[in-house]
Amino acid sequence: MDRPYDADVDSCDAGSYDAESCDAGSYDFDTPVDRHGTWCTQWDYVQDRFGAPDLLPFTISDMDFETAPEVLAALRGRLEHGVLGYSRWRHEDFLSAVRHWYATRYDTPVDADRIAYAPAVLYQVARILQLWSAPGDGVLVHTPAYDAFPRLVEAQGRELRGVALHDWEALERELARPATTVLLLCSPHNPTGHVWSGTELTRMAELCERHGVAVISDEIHSDLAHAPYRHRPWALHGRPGGRWAIVTSASKSFNIPALTGSYGIFGDAESCERYVKLLKDADGLSSPAVLSVTGHIAAYREGGPWLDALTAYVGENLRMVGERLARAFPELDWQPPRAGYLAWIDLRAFGIPDEVLQRELIDNQKVAIMPGTAYGPEGAGFVRLNVGCPRGKAEAGIEALIRAVTSTTPRAVTWATRTP
């Protein structure tokens, strides 16, 4: 296959780093890495979701970059030892790395006895739902919602309840319902990239406390906030000793999801112990993936400069997307997300049916871009474009999207060909 490309804002009080000031040129994010033939979901199995092979993919939320060199060095060192037997996560090396990360990135103290390792973030969500809710209970999510949430909640026998992002009246109304027992928060929000402000999180915490609703805060995208926005962990807002848990991982920020592995931070030590016992007794999960533990320790102890450079590079990709969209369709007034590498683009002004746009993208532009409807009916008219990739690929993706929009609506042709 020919490759279609060449190689309400808080102040910065939740961390001392500044990714925007970092020199992304210290690392090579421009050179493409060929991921074909590596059992890669995004590249090798694009046909599974989009029905056609050999599409240029901008889909699942992993990145096309090698992970931090410090992480790779730590993994090589562990492999060179040669023995990959049973291991533990409850030791100072791992626990202190997590505590160090939260102290230095977010000015957030974390008690070691409230940290628990798990195979994956979604696995944690499922098990914590079992601890804090019963079959038939309502689990509240903001919509549009990360597409795995509805399936997971329903598979646990709970009732998914959605409330539109920023609709505070609906949020309080749903939290006040007796059957609503858990708020499943996405912070930062996927797919929109919204970074919740301290004011918003405090308000949510007060509402949940008032109505006796537990909180599971999925913060897997937290390390990728773009200045001037700063992620604020739920630990800064949840009541000490309360029923809340942060579930997260270094997998998104350091691009290591294939290692598996995640961890939770609980509001109270008792819930943490109940959770660990459930994993060990019910699922037999007493030994972690040792390479995941190794990768997390290296990332959190040594990977900060690489992450800052990555965030700066991805930020430039998103700014490029904004410039291309503004030039082609100025009336969209699209703004980059506050966090992450996923461009959530509102195309409702064109009135293009989602299936028509997808057919054009797949059949003629030969690209795979996630339709907004993957994240619920509230996503109709949107697309989610993954630009966690070399700039050449990101440019190819946004230009393909512009061509697709231009060719499927007369109004778009008028905007795209208008002389500045």
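Computed from a predicted model, the values in this text were never measured in an experiment.

1. Re unusual backbone geometry
Inference 1: Residue proline 144 follows threonine 143 across a cis peptide bond; omega there is 0 degrees.
Inference 2: Positionally, proline 144 belongs in the loop between strand 3 (138-143) and helix 6 (148-155).
Inference 3: With an omega dihedral of 10 degrees, the bond running from alanine 227 to proline 228 counts as a cis peptide bond.
Inference 4: Structurally, the position occupied by proline 228 is in the loop between strand 6 (214-218) and strand 7 (244-248).

2. Quick word on the packing of aromatic side chains
Centre distance and the angle of the planes are the two values used to describe a pair of aromatic rings.
Inference 1: Evaluated as defined, the whole model comprises 18 aromatic pairs.
Inference 2: The interplanar angle of 40 degrees and the centroid separation of 6.3 Å between the aromatic rings of tyrosine 27 and phenylalanine 29 together place this pair among those described as tilted.
Inference 3: Classification of phenylalanine 29 as buried rests on a relative accessible area of 3%.
Inference 4: Residues phenylalanine 29 and tyrosine 313 carry aromatic rings whose centres are separated by 5.4 Å and whose planes lie at 45 degrees to one another, so their mutual orientation is tilted. Of this pair, phenylalanine 29 sits in the segment before helix 1 (41-44) while tyrosine 313 sits in helix 11 (residues 304-328), and the two are 284 residues apart along the sequence. Considered together, phenylalanine 29 and tyrosine 313 belong to a single accessibility category, that of buried residues.
Inference 5: Taken together, the ring pairs connect Tyr27, Phe29, Phe65, Phe94, Trp101, Tyr117, Phe254, Tyr263, Tyr300, Trp306 and Tyr313 into an aromatic cluster.

3. Some details on the nonpolar core
Inference 1: Within the largest apolar cluster, 116 residues are counted, with the highest numbers of intra-cluster contacts made by Phe254 and Ile345.
Inference 2: Looking at this core element by element, the count peaks at eleven residues for helix 11.
Inference 3: Among all residues touching phenylalanine 254, those that are not within four sequence positions of it are Thr67, Ala68, Val71, Trp101, Ala299, Tyr300, Gly303, Trp306 and Leu307.
Inference 4: Counting residues in hydrophobic clusters, the runner-up holds ten residues, among them Phe50, Leu55, Tyr375 and Phe382.

4. Examining the side chain of aspartate 218
Inference 1: By the element assignment, aspartate 218 lies in strand 6.
Inference 2: Nearest to the buried, unbridged aspartate 218 among oppositely charged side chains is lysine 252, at 8.4 Å.
Inference 3: Engagement of the side chain of aspartate 218 in a polar contact is seen with the backbone nitrogen of isoleucine 220, the distance being 3.2 Å.
Inference 4: Every residue in contact with aspartate 218, bar those within four places of it in the chain, is listed here: Val121, Phe149, Leu185, Cys186, Ser187 and Val247.

5. Focus on the confidence of the model for the protein chain
Inference 1: Scored by pLDDT, the protein chain has a mean of 92; 91% of the residues are at 70 or more.
Inference 2: This model gives residues 412-420 a pLDDT under 50, and the stretch forms 15 contacts once residues within four places in sequence are excluded.

6. A closer look at the pattern of salt bridges
Inference 1: Using the criterion set out here, one finds 18 salt bridges in the structure.
Inference 2: Across the pair arginine 127 and aspartate 283 runs a salt bridge whose closest N-O atoms are separated by 2.4 Å. Taken as a pair, arginine 127 in helix 5 (residues 121-132) and aspartate 283 in helix 9 (residues 269-283) lie far apart in primary sequence, 156 residues in all.
Inference 3: Given a relative accessible area of 13%, arginine 127 falls into the buried group.
Inference 4: On the basis of relative accessible area, aspartate 283 is assigned to the partly exposed category, the value being 29%.
Inference 5: The shortest N-O distance in the salt bridge between aspartate 147 and arginine 151 comes to 4.0 Å.
Inference 6: A network of salt bridges, in which partner residues are shared, links Arg35, Asp62, Asp64 and Lys393.

7. Notes on the sheet that holds strand 11 (residues 382-386)
Inference 1: Read across the sheet, four strands follow the order 1-10-11-9 without closing on themselves; strand pairing throughout is mixed. Of all the strands in the sheet, just strand 1 (56-58) and strand 9 (342-346) have a single pairing partner and so form its edges. If you compare each strand with its neighbour and ignore which way they point, the axes differ by 35 degrees on average.
Inference 2: Across the face of the sheet, helix 13 (residues 391-408) comes into contact with strand 1, strand 9, strand 10 (367-371) and strand 11 while running at roughly 90 degrees to strand 1.

8. Quick notes on the environment of isoleucine 128
Inference 1: Assignment of secondary structure puts isoleucine 128 in helix 5.
Inference 2: Remark: the alpha-carbon pair of isoleucine 128 and valine 83, spanning 45 residues in sequence, is separated by 33 Å.
Inference 3: In this structure, isoleucine 128 is in contact with Ile216, Ala245, Val247, Phe266 and Tyr275, ignoring residues within four places of it in sequence.

9. A look at the state of the cysteines
Inference 1: Tallied over the full model, the rule gives zero disulfides.
Inference 2: Considering cysteine sulfurs only, cysteine 389 is the nearest to cysteine 40, which forms no disulfide, with 12 Å between them.
Inference 3: No disulfide involves cysteine 208; its sulfur sits 15 Å from the nearest other cysteine sulfur, which is in cysteine 186.
Inference 4: What makes cysteine 208 buried here is its relative accessible area of 2%.

Rules and cut-offs
Residues numbered from 1 in each chain as written. Predicted model: local features only at pLDDT ≥ 70, side-chain atom pairs only at ≥ 80, totals over all residues. Heavy atoms only, no water. Helix = DSSP H or I, 4+ residues; strand = E, 2+ residues; numbered from the N terminus. Phe/Tyr/Trp six-rings, centres within 6.5 Å; stacked < 30°, edge-to-face > 60°. Buried < 20%, exposed > 50% of the residue type's maximum accessible area, 1.4 Å probe, protein only. Core = buried A, V, L, I, M, F, W, Y, C linked by side-chain atoms within 4.5 Å. Contact = heavy atoms within 4.5 Å. Lys, Arg positive; Asp, Glu negative; His and termini not counted. Salt bridge = Lys/Arg side-chain N within 4 Å of Asp/Glu carboxyl O. Polar contact = N/O pair within 3.5 Å; in protein donor to acceptor, adjacent residues only side chain to side chain. pLDDT = per-residue confidence, 0-100. Pairing = 2+ DSSP bridges. Axes fitted to C-alpha atoms, helices over the stretch in contact; angles between N-to-C directions. Disulfide = S-S within 2.5 Å.

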